[in-house]
Amino acid sequence: MLIPLEAKLALKQEVGSSNVQTDELALLLNSYDCSLSRGKPDLVITVERTEQVAAIVKILYKFHIPFVARSAATNHAGSCSAPSGGAILNLAPLNHIIEIDTKNQCAWVEPGVITEQLQHDLRPLGFFYAPDPASSKACTIGGNMAQNASGARCLKYGGTLDHILAAEVVLPNGETLLLERKTTGPDWIGVLTGSEGTLGIVTRIKVKILPLPVTVKTYLITFPSLESCVQAVSDLVARGVIARCMEAMDQLTARAIESFARAGYPIDAQAVLLLELDNAPELLGQEEKILQAVCRANQAQQFIPANNEEERARLWRGRRAAYAVMARLAPNVLVCDGTVPRSQLPRTLLQVREILHRHQVKASLLFHAGDGNFHPQIIFDERDTVRTNQVRQAVHGILQSCIEQGGTISGEHGIGLEKRDRMIYLYSRATLDLFARIKRAFDPEGLANPLKIIPPDYLKTAGTTAPLTGELLQLSEQIKKAQQERRSVVVTGRNLVFQTTKPALSTLGLNRIIHIDLTNYMVMAQAGVPLHTLVQTLRSHGVYSVLPDLPGTLGGAFSSGCFPGFYAHVTGIRALLADGSSVRYGGKLTKNAAGYNLIRLFAGAQGTLGMVTELTFKIYALPCTVLSPLPAQPLVKSPLWNAVKREVDPYNVFAWPQEETR
Amino acid sequence: MTSPKTDTSMHQLHQIHTAMGERNLYDSVSYCNRCGMCAPVCPIYQILPRETTSPRGRNQLLRLWLEQKIKPSLADKTLLALLESCTLCGRCKQMCAGDIPTAEHVLEMRRMLRLSVLPSFLQSFLQLRGSHPFLFSLVARLGIFLRKVHLIQIMRTLRITRLSAFKWLARLDDLLPEQVVPLERKFFPVVKQAARFAVTPPACIYLPSLEAEWILPQLARDTYKLLPQPVLVWRHTASGLFEYVYGDLARSRRLLCRLIERHERTENGKLPLVTDSIDVYLFLTRAGQVLSGQPAWEERARRFAAQIRFVTDYLPATEKVPSRQRVQLECGALFERQGKPFTQARQILSTLFGKNFVQCSYTDTDIPAFGYGFTLHNRAAEIDFKTVAKIARTKTKSVFTLSGLAALEMNRLLKQFYPAAEAKHIVHAKR
């Protein structure tokens with residue numbers, strides 16, 4: 001696209017002429033990331049101070065120039081290229097750690113801070129930042145937030161989403177907002193995390209930091225099959241031991257690593273598990289005994305503990321060398337990313353091997369055994385177009401296999417351009433349309449990182465949701481009717497928090513606990529299930545959740561905003577929208593980085609954006625700390641909430657509860 | 001595989017030797033998977049974080065060039081910035097999973113563009129060492145004399161050194177110790193060599209570096225004493241490294257061939273050839289690469305490269321030095337940051353100083369302007385400051401280097417910013 005001279009002059013005035021590059025070479029060098037996608041921008045703006053971002057975005061908005069935020073550009077999804085031209089905002093110079101507050105266990109950082117740099121600065125203070133993407137020595141906190149990156153420690157500590165406490169965001173119109181987790185309403189930070197820069201640009205981030213664990217112990221365990229390896233992991237979780245890392249690989253990968261890194265990996269086992277426990281020394285001893293018992297029960301062949309720091313480093317050297325092993329065999333390594341429920345891992349991995357074999361593609365196969373996230377690392381030469389197409393087909397096959405197993409097409413890498421076309425197989429037209437509406441609410445002009453995540457032709461290509469039945473169908477019909485008649489309803493459960501007398505859409509009919517999954521440690525329940533029933537039923541199965549035994553329903557606990565601590569435990573959601581359509585997001589998945597996070601959108605939204613009908617959330621083998629309800633907060637409408645509401649529910653079918661009660 | 005579209009007509013190096021075998025330039029650069037792990041460790045990217053000053057950008061530039069997607073020109077400022085800013089330190093290679101030799105790629109691009117990064121007088125003068133050693137010696141002695149009679153000081157007072165043509169002179173003046181004393185001719189038992197070797201054949205050959213011969217005689221003396229006697233010393237012998245780095249590959253090859261021939265003539269090429277400069281060591285171990293495409297020389301070059309040794313091979317480190325002072329290893333070198341000499345140096349310092357040997361973070365910089373990375377004029381100060389800050393932060397007292405040139409450069413900085421510490425060649429670690 002042609003950039004108006006006036007816009008260039010204004011930008012040069014704002015950031016200095018040396019920070020605005022328009023020459024061909026600079027543009028070509030900003031057209032790639034670690035994926036196969038390319039997109040050449042029309043200008044590259046280097047941002048040296050956070051305050052400049054808002055001013056730059058205002059200029060770009062004024063001249064209707066699309067823009068893409070970029071810092072280290074290490075992502076595998078094609079999220080930071082500019083396929084429709086426009087401007088690249090190079091945020092890499094925003095690499096200052098502004099403040100580390102050990103008392104309140106948080107740190108303020110700029111988006112260009114390299115993740116490992118933060119760890120390096122925290123270590124002498126006795127703290128660490130939990131998310132640990134494999135590229136942590138190069139990737140940035142801003143990039144981690146954009147992709148919702150996580151890493152090996154995700155099962156125990158959660159992903160980037162769980163470690164962002166506040167963020168300063170420049171919206172696509174240049175307006176600056178400070179978003180905090182304390183405010184009422186939807187969890188906007190949750191929505192922004194993983195949005196790949198399509199909703200705005202983050203300029204300052206407040207992250208959670210944690211005290212370094214007292215003791216860490218590392219073990220290398222081998223199994224006769226992938227199934228026994230995954231079963232051992234499930235059994236360990238069932239016994240209440242959540243390991244810090246559970247990195248696994250199949251035999252082919254272990255052999256390749258061993259021949260390269262000589263890390264002492266047994267080469268005769270079908271599956272190798274590198275497991276790490278961290279806890280206080282006395283508890284670690286107990287956990288180790290449980291681990292040994294679980295391994296024995298699952299026919300583990302070898303159990304090799306690292307007895308000192310040197311041995312630990314050697315074991316990790318093997319795992320860390322996995323990428324290098326592949327990178328030296330061929331010019332290109334495509335790190336694929338898929339996630340399935342943990343119980344489906346063995347079957348999916350066998351399918352993946354079969355797909356790779358069918359397409360005559362070489363790959364190593366690594367997986368985070370605890371959270372069902374796996375990474376085939378496919379080697380090829382992108383100069384060979386025939387081979388590259390085979391690789392693409394193999395990747396599509398793998399992602400399709402994930403979808404069929406109830407998984408997702410991205411656990412931590414994001415969608416970008418690379419997987420955008422696969423989104424129609426993962427989500428229904430209604431869900432993709434909801435994503436598009438969220439995007440429009442934040443960015444009506446479509447300027448922020450355009451053409452990413454949502455397939456442009458989804459209205460034609462995406463499928464419809466399975467037809468609704470029973471109570472859900474009735475509720476959907478009621479909502480449709482309300483919209484046709486232009487009247488509002490209030491979604492209620494036990495009607496405890498916002499007591500309304502207005503026409504209510506009750507969830508009480510949705511009172512089934514659909515499935516208690518003791519392999520993945522997830523429960524799937526409808527929104528109208530009373531908390532008391534839920535807690536008692538779980539207890540009768542010998543499992544526990546963080547929800548208390550109080551009056552009220554599951555949907556109420558999730559939507560009212562009284563249990564913000566619960567959001568991190570929710571992994572899947574179904575909801576009815578204002579047009580009566582049903583949307584689904586997530587499932588029995590620990591990780592999901594495909595699309596905008598609808599769980600966080602509906603969480604605390606008090607039924608104003610849709611009616612939550614079903615939730616999937618984590619349960620535990622041992623009693624865990626039960627959440628205490630916060631007092632009902634007065635509803636404060638924010639401009640962002642209003643904007644999303646206008647797009648998602650233009651006829652105000654789902655009324656603001658407090659307005660109705662007034 | 002090679003794409004039919006690639007332009008190989010301008011290549012000067014035929015093969016690049018990597019840890020994974022020999023590759024042509026296009027294959028070598030194609031192994032860059034664009035993962036970006038190289039960027040945070042690049043000293044230039046650390047101060048100018050943008051793609052147009054990153055190692056990944058340099059590799060992608062070469063690829064675009066070879067695929068004829070751009071037409072390179074010296075008038076292109078972005079291209080010049082990419083090529084001139086590289087300090088050839090090889091930190092990017094150390095981080096790269098694919099072991100991409102980015103510094104070699106940059107050198108090749110500079111050669112293809114005939115890009116000169118040194119002031120022309122300095123370049124001509126230093127080239128004399130290989131082509132006309134006697135003349136070089138004469139000019140060098142004249143220079144030392146003129147400095148002794150304060151000519152450079154006078155030029156500084158008159159602000160002549162602020163003129164762009166003479167800026168390098170002031171920098172060189174800063175680099176050199178107060179009194180420059182070349183290695184005395186009589187130190188090595190040259191005259192008696194023939195007689196001695198008739199009885200006992202030499203155990204090794206010592207090839208003193210330029211700095212050991214002209215600026216740091218103690219380095220040459222200490223290295224000599226370290227080596228198994230009797231030592232055959234090859235004085236005033238240019239390796240071809242200077243020409244390799246600063247553009248004239250043909251001349252570099254001629255000098256290297258001359259060295260190989262001389263080595264083969266001496267005890268049938270069986271003697272280890274020892275150098276005190278990591279840069280020279282890394283260059284000579286690449287002899288096969290430098291002479292690739294020349295069938296008569298390739299095999300001989302490989303045999304020669306197998307005989308190259310670095311001083312750390314002979315440095316005994318069996319007992320701990322009773323010192324409480326903290327020490328660091330400055331890895332500033334051309335092309336590489338890993339390999340035998342680096343591991344040996346770390347082990348030696350670890351044995352000698354135990355816990356007082358300070359390990360650095362992967363993003364800590366070294367001085368890229370060391371030695372042959374003398375290319376970055378306008379940004380050197382920022383990197384210098386970061387390097388010294390690292391030393392001051394860890395309260396290090398001694399910084400050990402792997403070349404005399406690095407020690408000189410480091411001492412210049414320490415004198416300016418952190419006089420509490422001093423830099424020494426690793427040969428002096430036990431002193």
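Rules of the game
Residues numbered from 1 in each chain as written. Chains lettered and ligands numbered in written order. Predicted model: local features only at pLDDT ≥ 70, side-chain atom pairs only at ≥ 80, totals over all residues. Heavy atoms only, no water. Helix = DSSP H or I, 4+ residues; strand = E, 2+ residues; numbered from the N terminus. Buried < 20%, exposed > 50% of the residue type's maximum accessible area, 1.4 Å probe, protein only. Contact = heavy atoms within 4.5 Å. Areas by Shrake-Rupley, 256 points an atom, 1.4 Å probe, with all protein chains shown as cover. Lys, Arg positive; Asp, Glu negative; His and termini not counted. Charge placed at Lys NZ, Arg CZ, Asp CG, Glu CD. Salt bridge = Lys/Arg side-chain N within 4 Å of Asp/Glu carboxyl O. Polar contact = N/O pair within 3.5 Å; in protein donor to acceptor, adjacent residues only side chain to side chain. Nonpolar A, V, L, I, M, F, W, Y, C, P; charged D, E, K, R; others polar. Disulfide = S-S within 2.5 Å. Phe/Tyr/Trp six-rings, centres within 6.5 Å; stacked < 30°, edge-to-face > 60°. Domains from an automatic or database assignment. Buried area = accessible area lost by both parts, 1.4 Å probe. Patch = residues over 30% accessible without salt bridge, like charges linked within 9 Å, V, L, I, M, F, W, Y side chains within 5 Å. 1 Å grid on protein atoms, 1.4 Å probe; cavity = no way out; pocket = protein on both sides within 12 Å on 5 of 7 lines; lining within 4 Å. Points joined across faces, edges and corners; volume = space filled by probe spheres on them. Pairing = 2+ DSSP bridges. Axes fitted to C-alpha atoms, helices over the stretch in contact; angles between N-to-C directions. Core = buried A, V, L, I, M, F, W, Y, C linked by side-chain atoms within 4.5 Å.

### Considering the overall build of chain A
Phase 1: Tallying secondary structure elements over chain A gives 22 helices and 26 strands in all.
Phase 2: Over its C-alpha atoms, taken along the principal directions, chain A stretches across nearly 70 × 70 × 55 Å.
Phase 3: Relative to its 662 residues, chain A shows a buried fraction of 63%.
Phase 4: When contacts within chain A are restricted to residue pairs at least 6 apart in sequence, those whose partners lie at least 24 apart make up 73%.
Phase 5: Carbon and sulfur atoms make up 51% of the accessible area of chain A, which totals about 24000 Å².
Phase 6: The centroid of the 66 positive side-chain charges in chain A is displaced by 2 Å from the centroid of its 59 negative side-chain charges.

### Notes on the interface of chain B and chain A
Phase 1: In this complex, chain B contributes 40 residues to the contact, which on the side of chain A involves 46 residues.
Phase 2: Remark: the boundary between chain B and chain A carries 4 salt bridges.
Phase 3: Here Asp27(B) ties to Arg383(A) by a salt bridge, and the two come within 2.8 Å at their closest N and O atoms.
Phase 4: Applying the counting rule to chain B against chain A returns 19 residue pairs in polar contact (both at pLDDT 80 or more).
Phase 5: For the side of chain B that touches chain A, the secondary-structure elements that each account for two or more residues are helix H1 (25–30), helix H3 (55–66) and helix H4 (77–85) of chain B.
Phase 6: In terms of residue count, the dominant contributor to the side of chain B that touches chain A is H3(B) (6 residues).
Phase 7: Residues that form the side of chain B that touches chain A fall into these classes: 20 nonpolar, 10 polar and 10 charged.

### Considerations on the state of the cysteines
Put plainly, two cysteines are in a disulfide when a covalent bond ties their sulfur atoms together.
All names here are of chain B.
Phase 1: By the definition in use, this model includes 0 disulfides over all chains.
Phase 2: Cysteine Cys86 is unpaired, with the sulfur of Cys92 as its nearest cysteine sulfur at 6.4 Å.
Phase 3: Cys86 gets classed as buried once you look at its relative accessible area, which sits at 7%.

### Side note on the packing of aromatic side chains
Phase 1: Within this structure, the stated rule accounts for 18 aromatic pairs over all chains.
Phase 2: Geometrically, the ring pair formed by Phe128(A) and Tyr157(A) is edge-to-face, given 5.4 Å between the ring centres and 85° between the ring planes. With Phe128(A) in strand E7 (residues 127–128) and Tyr157(A) in helix H6 (residues 154–157), this residue pair connects regions lying 29 residues apart in the sequence. Residues Phe128(A) and Tyr157(A) agree in their burial class; the two are buried.
Phase 3: Judged by centre distance (5.0 Å) and plane angle (45°), the ring pair of Phe242(B) and Tyr246(B) falls under tilted. With respect to class, Phe242(B) is no different from Tyr246(B); both count as buried.
Phase 4: An aromatic cluster of at least three residues, connected via ring pairs, comprises Tyr427(A), Phe435(A), Tyr585(A) and Tyr596(A).

### Focus: unusual backbone geometry
All names here are of chain B.
Phase 1: Between Gln229 and Pro230 the backbone carries a cis peptide bond, its omega angle lying at -5°.
Phase 2: With respect to the helices and strands, Pro230 occurs in the loop between helix H13 (217–226) and strand E4 (231–233).
Phase 3: The phi dihedral of Gln68 falls on the positive side, at around 55°, and the residue is not glycine.
Phase 4: Mapped onto the elements, Gln68 comes out in the loop between H3 and H4.
Phase 5: Unusually for a residue other than glycine, Phe335 sits at a positive phi of about 70°.
Phase 6: Mapped onto the elements of the fold, Phe335 is located in the loop between strand E7 (326–330) and helix H19 (340–353).
Phase 7: The exposure class assigned to Phe335 is buried, which follows from its relative accessible area of 2%.

### Quick notes on the side chain of Asp649(A)
All names here are of chain A.
Phase 1: With respect to the element layout, Asp649 can be found in the loop between helix H21 (639–648) and helix H22 (657–661).
Phase 2: A polar contact of 2.8 Å, which involves the side chain of Asp649, links it to the backbone nitrogen of Val653.
Phase 3: From its side chain, Asp649 meets the backbone nitrogen of Phe654 in a polar contact 2.8 Å long.

### A closer look at the domain arrangement of chain A
As a measure of interface size, the accessible area lost when the parts come together is often cited.
All names here are of chain A.
Phase 1: Once the domains are mapped, chain A shows domain 1 (5–90), domain 2 (97–211), domain 3 (216–404) and domain 4 (470–661).
Phase 2: Contacts between the two partners involve 15 residues from domain 1, matched on the other side by 16 residues from domain 2.
Phase 3: Summed over both sides, the interface between domain 1 and domain 2 buries roughly 1200 Å², with carbon and sulfur atoms accounting for 69% of that surface.
Phase 4: The interface formed by domain 1 and domain 2 holds 0 salt bridges in total.
Phase 5: Put simply, domain 1 and domain 2 have 3 residue pairs in polar contact (both at pLDDT 80 or more) between them.
Phase 6: Looking at the side of domain 1 that touches domain 2 element by element, the count peaks at 6 residues for helix H3 (residues 50–62).

### Description of a nonpolar patch on the surface
Residue and element names in this part refer to chain B.
Phase 1: On the surface, Leu142, Phe145, Leu146, Val149 and Leu151 cluster together into a nonpolar patch covering about 410 Å² of accessible area.
Phase 2: The greatest single-element share of the nonpolar patch, amounting to 3 residues, is contributed by helix H8 (residues 133–148).
Phase 3: You can see Leu146 is positioned in helix H8.

### Details of empty space enclosed by the protein
Phase 1: One pass over the full model with this rule turns up 7 cavities of 30 Å³ or more.
Phase 2: In this structure, the largest cavity spans a volume of roughly 130 Å³.
Phase 3: Lining the largest cavity we find 19 residues, and of these Cys32(B), Cys35(B), Cys38(B), Cys96(B) and Ile100(B) sit closest to its centre.
Phase 4: For the lining of the largest cavity, the secondary structure elements donating two or more residues are helix H11 (309–327) of chain A together with H3 and helix H5 (91–95) of chain B.
Phase 5: Among the residues forming the lining of the largest cavity, the class breakdown is 11 nonpolar, 5 polar and 3 charged.

### Focus on the sheet that holds strand E8 (residues 164–170) of chain A
All names here are of chain A.
Phase 1: Read from one edge to the other, the open sheet built from 5 strands follows the order E5-E6-E10-E8-E9, with strand pairing classed as antiparallel. Only two strands of the sheet have a single partner each, and these edge strands are strand E5 (97–101) and strand E9 (176–180). For this sheet, the mean angle separating the axes of adjacent strands, direction not counted, is 10°.
Phase 2: Of the pairings in the sheet, the one linking E8 to E9 comprises 5 bridges and is antiparallel in character.

### Thoughts on the domain arrangement of chain B
Residue and element names in this part refer to chain B.
Phase 1: Along its sequence, chain B is carved into domain 1 (16–113), domain 2 (120–175), domain 3 (193–313) and domain 4 (315–428).
Phase 2: The gap between the C-alpha centroids of domain 2 and domain 3 is 27 Å.
Phase 3: At the interface, 11 residues of domain 2 touch 14 residues of domain 3.
Phase 4: The contact between domain 2 and domain 3 buries some 1100 Å² in all, and 61% of this surface belongs to carbon and sulfur atoms.
Phase 5: Area buried by domain 2 at its contact with domain 3 is led by Gln127, Arg129 and Gly130, which between them contribute 52% of it.
Phase 6: One can count 1 salt bridge joining domain 2 with domain 3.
Phase 7: Taking the shortest distance from any N to any O, the salt bridge between Glu213 and Arg129 comes out at 3.0 Å.
Phase 8: Seen at the junction of domain 2 and domain 3, the total is 2 residue pairs in polar contact (both at pLDDT 80 or more).

### Structural notes on the pattern of salt bridges
Residue and element names in this part refer to chain A.
Phase 1: Throughout the structure, instances matching the rule amount to 56 salt bridges over all chains.
Phase 2: With its nearest N and O atoms 3.0 Å apart, the salt bridge here joins Asp187 to Arg181.
Phase 3: A relative accessible area of 8% means that Asp187 is categorised as buried.
Phase 4: On the basis of relative accessible area, Arg181 is assigned to the partly exposed category, the value being 27%.

### A closer look at the nonpolar core
Residues and elements named next belong to chain A.
Phase 1: Within the largest apolar cluster, 134 residues are counted, with the highest numbers of intra-cluster contacts made by Leu273, Leu275, Phe558, Phe566 and Phe602.
Phase 2: Per-element accounting of this core gives the leading share, 8 residues, to helix H15 (residues 429–442).
Phase 3: In this structure Leu273 touches Tyr219, Leu220, Ile221, Phe223, Cys229, Val233, Met246, Glu247, Ala248 and Ala369, once residues within four positions along its chain are discounted.

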